[in-house]
Amino acid sequence: LDKTVKREVGVLRKQMLKLANVQAYSEEAQFKNPCLTFILPDVICSYCNHCRDLDLCRDPDLIQHVWKCDRCEHQYDKDLIEASLVQIINKRHTNYQVQDLVCGRCGEVKVTNMGQYCACSGEYK
């Protein structure tokens, strides 16, 4: 937060919390980052073999397009990172496609391949 407006923002925050009947130090008043996050696990530096998890949405260095190892400052192999991301997407896609469909009415698992409706006339979800 810019230091020139920090005090005004603090006063405004205090007034807004008072209007909403929320105490300043309650859990409801605490800041929660609304940004989604995606952590790519076990990224290994090809130079020093240092292993690290990369937060692709919140890491300030990655946001500024600086893809370097923390230990040796060597560039990460972006092709390997891209391949890892594609592999994760393919795995999630496959897991979604092979899941069992369940009848919304009776809760039975779908056993036929072609039927759109259950024997009880319920829809599969």
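Provided above is the structure to which this section pertains.
Residues numbered from 1 in each chain as written. Predicted model: local features only at pLDDT ≥ 70, side-chain atom pairs only at ≥ 80, totals over all residues. Heavy atoms only, no water.

Undergrad: Report on unusual backbone geometry, specifying residues and quantitative values.
TA: Even without being a glycine, asparagine 21 presents a positive backbone phi close to 55 degrees. By secondary structure assignment, the location of asparagine 21 is in the loop between helix H1 (6-19) and strand E1 (39-44). The backbone of serine 121 shows a phi angle near 75 degrees, a positive value even though the residue is not glycine. Note on placement: serine 121 falls in the segment after helix H3 (78-97). Relative accessible area serves as the criterion here: at 53%, serine 121 is assigned to the exposed category. (Helix = DSSP H or I, 4+ residues; strand = E, 2+ residues; numbered from the N terminus. Buried < 20%, exposed > 50% of the residue type's maximum accessible area, 1.4 Å probe, protein only.)

Undergrad: Describe the pattern of salt bridges, and please don't skip the residues or the numbers.
TA: Scanning the model with the defined rule gives two salt bridges in all. Arginine 52 is paired through a salt bridge with aspartate 59; the nearest N and O atoms lie 2.5 Å apart. A single burial state applies to arginine 52 and to aspartate 59, both of which are buried. The residue arginine 52 makes a salt bridge to aspartate 70 at a minimum N-O spacing of 3.1 Å. Of this pair, arginine 52 sits in strand E2 (residues 51-55) while aspartate 70 sits in the loop between helix H2 (60-63) and H3; the two residues are 18 residues apart in sequence, bridging distant segments of the chain. Among the ionic contacts, a cluster of salt bridges with common partners joins Arg52, Asp59 and Asp70. (Salt bridge = Lys/Arg side-chain N within 4 Å of Asp/Glu carboxyl O.)

Undergrad: Tell me about H1, and name the residues and values.
TA: Spanning 14 residues, H1 covers 20 Å between terminal C-alpha atoms, matching the ideal 20 Å at 1.5 Å per step. Positive backbone phi, at 55 degrees, marks asparagine 21, one or two positions downstream of H1. (Expected span 1.5 Å × (residues − 1).)

Undergrad: Quick one: what's the story with the environment of cysteine 69, residue by residue and with numbers?
TA: As for its position among the elements, cysteine 69 is in the loop between H2 and H3. Given the relative accessible area of 1%, cysteine 69 is considered buried. Sequence separation between cysteine 69 and serine 46 is 23 residues; the distance between their C-alpha atoms is 9.3 Å. Leave out the neighbours within four places in its chain, and cysteine 69 touches Cys45, Cys48, His50, His74 and Tyr76. (Contact = heavy atoms within 4.5 Å.)

Undergrad: Explain the state of the cysteines to me, and be specific about the residues and the numbers.
TA: Using the criterion set out here, one finds zero disulfides in the structure. Unpaired in this structure, cysteine 35 has its nearest cysteine sulfur neighbour in cysteine 57, at a distance of 5.3 Å. The exposure class of cysteine 35 is partly exposed, given its relative accessible area of 34%. Not part of a disulfide, cysteine 45 finds its nearest cysteine sulfur in cysteine 72, a span of 3.6 Å. What makes cysteine 45 buried here is its relative accessible area of 1%. (Disulfide = S-S within 2.5 Å.)

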